[in-house]
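Below are the chains, spelled out letter by letter.
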Amino acid sequence: MKRIFLLLAFIAFVAYCNTLGHSFVWDDHFTIEENDLIRSVRNIPDIFKTDLFHSHAVKTATEHSNYYRPIQALSFLLDYHVWQLNPFGYHLTSVLLHVANGILVFMVVFLICKSRIVSMFTSILFLVHPVQTGAVTYLTGRSDVLACFFVLLSLFFYLLAFSFKNGSRNRKKVRSLINSLARNREFFFWMSVLAFALALLSKETAVIYPLVLIAYELSFNRNVEVYIKDRFSKPYRYIPYVALDIAYIWLRLNRFNFTPAKHLFQNGKFVLANLLTMGRTLMEYISLLIYPTKLHMEREVLLITPNMRLDFMASILGFVFLAMLLIGAYKKSRTTFFGLVWFLLFLVPVSNIIPINALMAEHWLYIPSIGFFVVLSILLVRLPIMRSCYNLGLMALIAIMFFYSSKTILRNQEWQDDLSIYFATLRDSPRKAKMCYNIGTVYYSKGDLEQAIKYYDMAIQYGIKKSDVYTNLGVAYMSKKAFDEAEFNFNKALKINPKDHFAYNGLGGLYEMKGNLEKAVEYYNKAISVHPDFYDSHVNLGVVYDELDDNERSIEHFRRAFEIKRDGVSFLNLARSYEKAGFMDKAEQLIAEQAGGLNLYLFDLYEKYKKGDEVFKPKIISERQTILLTFD
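### A few points about the overall build of the protein chain
Working step 1: Counting its secondary structure elements, the protein chain contains 33 helices and zero strands.
Working step 2: Burial status across the protein chain gives 54% buried among its 632 residues.
Working step 3: Considering only contacts in the protein chain between residues 6 or more positions apart, those separated by 24 or more positions represent 68%.

Given below as structure tokens:
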């Protein structure tokens, strides 16, 4: 077994070693770089009470997400304490988790079908298939990898607890290691339940897992009446899993529903259309698993309605064919049946029966693909060529592995940085507007204003409806000191969304640059009236009031900014305002309170400012937005 595990690890590292030098991309900036909660173990309780994008939402006063993934955030916290913000370590962790999942796939499939070749090929397909890059290479997709790890671990423990009869004759069929583990059935049962709880805390799709266990029992019809004690015989053994599911769903709908304003069935009128569209998305998923091409993050599927007669009939026929396939598999090969059921069940949570944020996504295949690869491996092993010429058949299997591996390596290159993945998505995705907007934002962050404006304009031409693009255009023009164009775009943003606090803040900055401080105060206050916890406007108001020598209001806004986001900008400005107002005791108290958490460079910067070093004064005041030193 050890050699097999080493081989699987080697194959996975060959496929993914080119990701280790990649940057943070897409939402990684929000879930890792800007995530204050992963900076300290003291934040662990908050991690279990907030959504994944909590830090970003608080800092920008934007809407919270409804992604409750505390185990993912904890994994980032562990990465941060080893690697700080070095992307290498985060990518290494994701690859190692993927390797662990590949090994678990091998062990679980082997325990189910007792075929080493089927288990090996299933694991290899799972490890090297390019569709998995959306979960492995994209760090924010780690929730799929973690949920898969704990689901597989739970099933592995469940198999150890319930797959073997007590008779010695049965024990001779498996290795001694498995037999020795299987003796302690009760322990492994509760380990299985614990692993399932961790899977739920990794990603919402794990809620379907109890049905997978029932499907396993139906598939293999284990007829051992009593395993551990009477309370663990069927169906009582399912009670802990179902209880966890019920508790989790209740908590997510009540305690951990971070967007309560959005009704769960806000798109309920489209439920029938989503159900009918499942047939089309299912076929697309299968085609991607067989021949992965044009992989990208922004897939679009046309909703099927009863009015679309041909598509409607094709969808209905697809469901009928699927039912017949399941019946046939159940009669001829229970392992094939279980693989199909696994594939279908784990697609149910993302099938939009309950509408979610998209109709289709490649990374949603990470867990379901295991069932598909089980079926594919069985079919390939049973090919006539494998029976008549084993070596030739094995070469064909190896060729398939190399084909998928090469596609994975090439796909990984597209995830190298923001621009590479956005341009790759722009090439193949029909959602051109969103990608042009993202590309424009990257160019703006790099200081390339001409390219930023170009791609923002392209996003508008492609029909983007968001006020954000006009706000960002306004900021870009303002940076070029093209004030008229900046003002036009800020006002355009406010026409689309009268509550766009970024646009109000932009107008405030525009008037501040033009020297009209009263107007600047007016628009900064408008931004705060829309979102009282908008950090940027509090900092900006503090600076403007400082310029107006209104120390009381300046301190008020710097203190509020410091409460929202305890970073170098707010700390330095608040300390300086206390000193300017003559509150030296408060300045010293503030410094003393933060001495344990502040970066030493920050203290050095502050000391140089106190000594009157004019070189550092602009860094603290005029260029306040570029000082992003944070607490540990």
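### Focus on a nonpolar patch on the surface
Working step 1: A cluster of nonpolar residues, Leu7, Phe10 and Val14, forms a patch on the protein surface that exposes about 280 Å² of accessible area.
Working step 2: Mapped onto the secondary structure, leucine 7 falls in helix α1 (residues 2-16).

### A short note on the nonpolar core
Working step 1: Tyr209 and Trp342 are the most contacted members of the largest nonpolar core, which has 120 residues in total.
Working step 2: When residues in this core are grouped by element, the largest group, 17 residues, is from helix α9 (residues 142-162).
Working step 3: Residues in contact with tryptophan 342, not counting those within four places in the same chain, are Val151, Leu152, Leu155, Val212, Ile367, Pro368, Ile370 and Gly371.

### What about the packing of helix α6 (residues 87-113) against helix α7 (residues 116-128)?
Working step 1: It is the contact of α6 with α7, at a shortest axis distance of 8 Å, that shows an interaxial angle of 155°. Looking at the two axes, α6 sits roughly antiparallel to α7. Where α6 crosses over α7, the two elements pack in a sense that is right-handed. Contacts from His98, Val99, Asn101, Gly102, Ile103, Val105, Phe106, Val109, Phe110 and Cys113 in α6 reach Arg116, Val118, Ser119, Met120, Thr122, Ser123, Phe126 and Leu127 in α7.
Working step 2: When the residues that make up the contact of α6 with α7 are grouped by side-chain class, the tally is 11 nonpolar, six polar and one charged.

### Some details on the confidence of the model for the protein chain
Working step 1: On average, the protein chain scores 81 in pLDDT, and the residues at 70 or more come to 78%.
Working step 2: For the protein chain, helix α33 (residues 617-620) is the element with the lowest average pLDDT, namely 42, and α6 is the one with the highest, namely 95.
Working step 3: Overall, residues 166-174 carries pLDDT values under 50, and its contacts beyond four positions in sequence, including any with other chains, amount to nine contacts.

### Considerations on empty space enclosed by the protein
Working step 1: Taken as a whole and assessed by the stated rule, the structure comprises three cavities of 30 Å³ or more.
Working step 2: Taken as a whole, the largest cavity holds about 120 Å³ of empty space.
Working step 3: Around the largest cavity, the lining comprises 13 residues; the ones closest to its centre are Val109, Ile112, Phe338, Ile370 and Val374.
Working step 4: Of all the secondary structure elements, the ones that give two or more residues to the lining of the largest cavity are α6, α9, α17 (334-345) and α18 (368-381).
Working step 5: Per-class residue counts for the lining of the largest cavity are 10 nonpolar, three polar and no charged.
Working step 6: Asn35, Leu37, Ile47, Thr50, Asp51, Leu52, Arg69, Pro70 and Ala73 together form the lining of the second largest cavity.
Working step 7: When its residues are assigned to classes, the lining of the second largest cavity shows five nonpolar, two polar and two charged.

### Let's talk about the side chain of serine 537
Working step 1: Residue placement: serine 537 occurs in helix α28 (residues 535-547).
Working step 2: In this view, serine 537 contacts Asn505, Tyr524, Ala527 and Ile528; residues no more than four positions away in its chain are not counted.

### Considering the packing of helix α21 (residues 418-428) against helix α22 (residues 432-445)
Working step 1: As a packed pair, α21 and α22 sit with axes 9 Å apart at the nearest point and diverge in direction by 160°. Comparing the axis directions of α21 and α22 gives the class roughly antiparallel. Where α21 crosses over α22, the handedness of that crossing is left-handed. Contacts from Asp418, Leu419, Tyr422, Phe423, Thr425, Leu426, Arg427 and Asp428 of α21 reach α22 at Lys432, Met435, Cys436, Asn438, Ile439, Val442 and Tyr443.
Working step 2: Class assignment for the residues of the contact of α21 with α22 results in nine nonpolar, two polar and four charged.

### Structural notes on helix α14 (residues 239-253)
In an α-helix there are 3.6 residues to a turn, and that puts residues three or four apart on one side.
Working step 1: If you check α14, its first and last C-alpha atoms are 21 Å apart, about what 15 residues at 1.5 Å a residue would give, namely 21 Å.
Working step 2: Where α14 is concerned, the buried positions are Pro240, Tyr241, Asp245, Tyr248 and Arg252. On an axial view of α14, the arc spanned by its buried residues comes to 140°, and they lie on one face. Exposed side chains of α14 directed beyond 90 degrees from the buried face belong to Ile239, Ile246 and Trp250.
Working step 3: Structurally, α14 contributes buried residues whose contacts are with α9, α12 (185-200) and α13 (209-220).

### Describing unusual backbone geometry
Working step 1: For lysine 114, which is not glycine, the phi torsion reads 60° and is therefore positive.
Working step 2: The residue lysine 114 is located in the loop between α6 and α7 in this model.
Working step 3: The class for lysine 114 is partly exposed, based on a relative accessible area of 40%.
Working step 4: Positioned with a positive phi, lysine 294 is a non-glycine residue whose angle comes to about 50°.
Working step 5: When you line up the elements, lysine 294 lands in the loop between α15 (271-290) and α16 (309-332).
Working step 6: When its relative accessible area of 58% is taken as the criterion, lysine 294 is described as exposed.

### Considerations on the pattern of salt bridges
Working step 1: By the definition in use, this model includes 14 salt bridges.
Working step 2: The salt bridge partner of lysine 49 is aspartate 46, with a shortest N-O separation of 3.7 Å.
Working step 3: Within the structure, one salt-bridge network assembled from shared partners comprises Arg411, Glu414, Arg427 and Asp428.

### Quick notes on the packing of aromatic side chains
Working step 1: Tallying each qualifying case throughout the model produces 37 aromatic pairs.
Working step 2: Centre to centre, the rings of tyrosine 158 and tyrosine 216 are 6.3 Å apart; their planes meet at 85°, and the pair counts as edge-to-face. Residue tyrosine 158 is located in helix α9, and its partner tyrosine 216 is located in helix α13; the two are separated by 58 residues in the primary sequence. Tyrosine 216 carries the same exposure label as tyrosine 158, and that label is buried.
Working step 3: The aromatic ring of tyrosine 291 is capped on one face by lysine 407, whose charged end is 5.5 Å from the ring centroid.

### Section: the environment of histidine 91
Working step 1: In this structure, histidine 91 sits in helix α6.
Working step 2: Looking at histidine 91, the relative accessible area reads 1%, which means it is buried.
Working step 3: Separated by 71 residues in sequence, histidine 91 and leucine 20 place their C-alpha atoms 5.5 Å apart.
Working step 4: Ignoring anything within four residues of it in the chain, the contact list for histidine 91 reads Thr19, Leu20, His22, Ser23, Thr137 and Leu139.
Working step 5: Within the local environment of histidine 91, its side chain forms a polar contact with the backbone oxygen of serine 23, the two atoms lying 3.5 Å apart.

### Concerning the environment of histidine 538
Working step 1: Structurally, histidine 538 can be placed in helix α28.
Working step 2: Apart from the residues lying within four places of it in its own chain, the contact partners of histidine 538 are Ile528, Pro532, Asp533, His557, Arg560, Ala561 and Ile564.
Working step 3: Separated by 2.7 Å, the side chain of histidine 538 and the backbone oxygen of proline 532 make a polar contact.

The rules we used
- Residues numbered from 1 in each chain as written.
- Predicted model: local features only at pLDDT ≥ 70, side-chain atom pairs only at ≥ 80, totals over all residues.
- Heavy atoms only, no water.
- Helix = DSSP H or I, 4+ residues; strand = E, 2+ residues; numbered from the N terminus.
- Buried < 20%, exposed > 50% of the residue type's maximum accessible area, 1.4 Å probe, protein only.
- Contact = heavy atoms within 4.5 Å.
- Patch = residues over 30% accessible without salt bridge, like charges linked within 9 Å, V, L, I, M, F, W, Y side chains within 5 Å.
- Areas by Shrake-Rupley, 256 points an atom, 1.4 Å probe, with all protein chains shown as cover.
- Salt bridge = Lys/Arg side-chain N within 4 Å of Asp/Glu carboxyl O.
- Core = buried A, V, L, I, M, F, W, Y, C linked by side-chain atoms within 4.5 Å.
- Axes fitted to C-alpha atoms, helices over the stretch in contact; angles between N-to-C directions.
- Parallel < 35°, antiparallel > 145°, perpendicular 65-115°, else oblique.
- Left-handed = near helix turned anticlockwise from the far one by under 90°.
- Nonpolar A, V, L, I, M, F, W, Y, C, P; charged D, E, K, R; others polar.
- pLDDT = per-residue confidence, 0-100.
- 1 Å grid on protein atoms, 1.4 Å probe; cavity = no way out; pocket = protein on both sides within 12 Å on 5 of 7 lines; lining within 4 Å.
- Points joined across faces, edges and corners; volume = space filled by probe spheres on them.
- Expected span 1.5 Å × (residues − 1).
- Arc of directions from axis to C-beta.
- Phe/Tyr/Trp six-rings, centres within 6.5 Å; stacked < 30°, edge-to-face > 60°.
- Lys NZ or Arg CZ within 6 Å of the ring centre and 35° of its normal.
- Polar contact = N/O pair within 3.5 Å; in protein donor to acceptor, adjacent residues only side chain to side chain.

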